[in-house]
Amino acid sequence: MGVVISQTPVRVRGALPGSLRTVKELSSVAHIKEVYAERHGGSNAGIAEIVMSRPHARNSLGKIFVSEFFDTVDSLRHDSSVRVVVVKSSVHGVFCAGADLKERAQMDNAEVSLFVHRLRKLMNEIATLPMPTIAAIDGYALGGGLELALACDLRVAASSAKMGLIETTRGLLPGAGGSQRLPRLVGIGLAKELIFTGRQIDGTKAYNIGLVNDAVPQNESGDAAYVKAFELAQEICPRAPVAVKMSKLSMDKGIEVDISSGMAIEAMCYGQVIPTKDRLEGMSAFKEKRQPHYIGE
């Protein structure tokens, strides 16, 4: 297919109001990049998406895919206009299928070790984005795909989605953070059971054990989790950006230390919010009985 040059606005699969792009933009971005960012405008300004689009390999974590994911995360990290990020797939029935086993088979032991180290670094980069991140799991999230979702702050799944850290079925263990993040999320006993067995569970079970924040029935479009995740992003977006970022930092750092140290971390984060214009705006809006308008300063 040749390059389309039409400027007619079209809607991306799973897109919501405020996310219209031209065919030319889609041709130059979505049809070339395996991972890319989309920023919404209008009433949804402040919401950005990381879109995974590698249909021929079920969004598996290949070298190009991982490299573009790094670039996308870095672009969002330094964009002060972004208040919340949704991570989604444009591939029907798949969030991320995990490792690219075809590529992995071509690597020697040293190359595998280096690549997994790079994957672990990517997951840490996602986890440390300053704004909230939401994974929209509308299909399979296996191995490294589930580790990617675990690196996000929140997870929404279709009830029919399939998730699992399946590495032990391939002679491996979770190597991109899964063995550390899953126990912190669902408890050590459940995490050991899931990792030892390599079991796959659906979205409903994942919700019942606390692996995801919500599980929703799949719709005809196959994007029910994305729709729910976007609604959650819309709920977060109007809140004071500095307060939300400091809340995330306080919880992420505090969960790793004893309660006394956590209190000190909370105090430091709270101190960053006190001098902001947004704090004064919140107080004024309350007194004037109106909705606050936060600017992230």
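Residues numbered from 1 in each chain as written. Predicted model: local features only at pLDDT ≥ 70, side-chain atom pairs only at ≥ 80, totals over all residues. Heavy atoms only, no water.

## Side note on the environment of G222
Then step 1. By secondary structure assignment, the location of G222 is in the loop between β12 (214-216) and α9 (224-236).
Then step 2. A relative accessible area of 5% means that G222 is categorised as buried. (Helix = DSSP H or I, 4+ residues; strand = E, 2+ residues; numbered from the N terminus. Buried < 20%, exposed > 50% of the residue type's maximum accessible area, 1.4 Å probe, protein only.)

## What about the confidence of the model for the protein?
Then step 1. On average, the protein scores 89 in pLDDT, and the residues at 70 or more come to 90%.
Then step 2. In this model residues 1-30 is a low-confidence stretch, pLDDT under 50, and it forms 56 contacts with partners more than four residues away in sequence or in other chains. (pLDDT = per-residue confidence, 0-100. Contact = heavy atoms within 4.5 Å.)

## Regarding the environment of D100
Then step 1. Tracing the backbone through its elements, the reader meets D100 in the loop between β6 (94-96) and α3 (101-105).
Then step 2. Spatially, the C-alpha atoms of D100 and G62 are 5.3 Å apart, while their sequence positions differ by 38 residues.
Then step 3. Beyond its immediate chain neighbours, meaning those up to four positions away, D100 contacts R54, S60, L61 and G62.
Then step 4. In this structure the side chain of D100 is engaged in a polar contact, spanning 2.9 Å, whose partner is the side chain of R54. (Polar contact = N/O pair within 3.5 Å; in protein donor to acceptor, adjacent residues only side chain to side chain.)

## A short note on the side chain of N59
Then step 1. Within the secondary structure layout, N59 lies in the loop between β4 (47-52) and α2 (63-77).
Then step 2. Residue N59 is classed as buried on the basis of its relative accessible area, which comes to 0%.
Then step 3. Within the structure, N59 has its side chain in polar contact with the side chain of S89 (distance 2.8 Å).
Then step 4. For N59, the side chain forms a polar contact with the main-chain oxygen of F95, separated by 3.0 Å.

## Things to note about the packing of aromatic side chains
Then step 1. Taken as a whole, this structure holds 2 aromatic pairs when the rule is applied.
Then step 2. Measuring from ring centre to ring centre gives 6.0 Å for F65 and F69, while their planes differ by 55 degrees; the resulting arrangement is tilted. With F65 and F69 both in helix α2 and 4 residues apart, the pair spans about one turn of that helix. We note that F65, like F69, is buried. (Phe/Tyr/Trp six-rings, centres within 6.5 Å; stacked < 30°, edge-to-face > 60°.)

## Observations regarding the side chain of K248
Then step 1. Mapped onto the elements, K248 comes out in helix α10 (residues 241-254).
Then step 2. Here the side chain of K248 touches M131 through a polar contact of 2.9 Å, landing on its backbone oxygen.
Then step 3. With residues up to four places along the chain from it excluded, the contact list for K248 reads A127, L129, P130, M131, P132, T133 and D153.

## Thoughts on unusual backbone geometry
Then step 1. For R58, which is not a glycine, the phi torsion comes out positive at approximately 55 degrees.
Then step 2. One can find R58 in the loop between β4 and α2.
Then step 3. Unlike most non-glycine residues, N59 shows phi in positive territory, near 60 degrees.

## What about the sheet that holds β6?
Then step 1. Pairing within the open sheet is mixed, and its 4 strands lie in the order β6-β8-β10-β11. One side of each edge strand has no neighbouring strand; the edge strands of this open sheet are β6 and β11 (201-202).
Then step 2. As defined by bridge partners, strand β10 (residues 162-164) adjoins β11 across 2 bridges and the pair is classed as antiparallel. Across the sheet, M163 pairs through a bridge with I201, a residue of β11. (Pairing = 2+ DSSP bridges.)

## As for helix α11 (residues 259-273)
Then step 1. Along its 15 residues, α11 runs 21 Å from first to last C-alpha, staying within 8% of the 21 Å computed at 1.5 Å per residue.
Then step 2. The elements touched by buried residues of α11 are α10 and α12 (277-288).
Then step 3. If you check the start of α11, you find a side-chain oxygen 3.1 Å away from the backbone N of S260, and it comes from D258. (Expected span 1.5 Å × (residues − 1).)

## A word on the sheet that holds strand β3 (residues 35-39)
Then step 1. Reading across the sheet, the 6 strands line up as β3-β4-β5-β7-β9-β12 and stay open at both edges, with mixed pairing between neighbours. Two strands lie at the open edges of the sheet, namely β3 and β12, each paired on one side alone. Pairwise comparison of adjacent strand axes, ignoring direction, gives a mean angle of 20 degrees for this sheet.
Then step 2. Across 5 bridges, the pairing between β3 and β4 is antiparallel. The residue bridging Y36 from the neighbouring strand is V51, located in β4. (Axes fitted to C-alpha atoms, helices over the stretch in contact; angles between N-to-C directions.)

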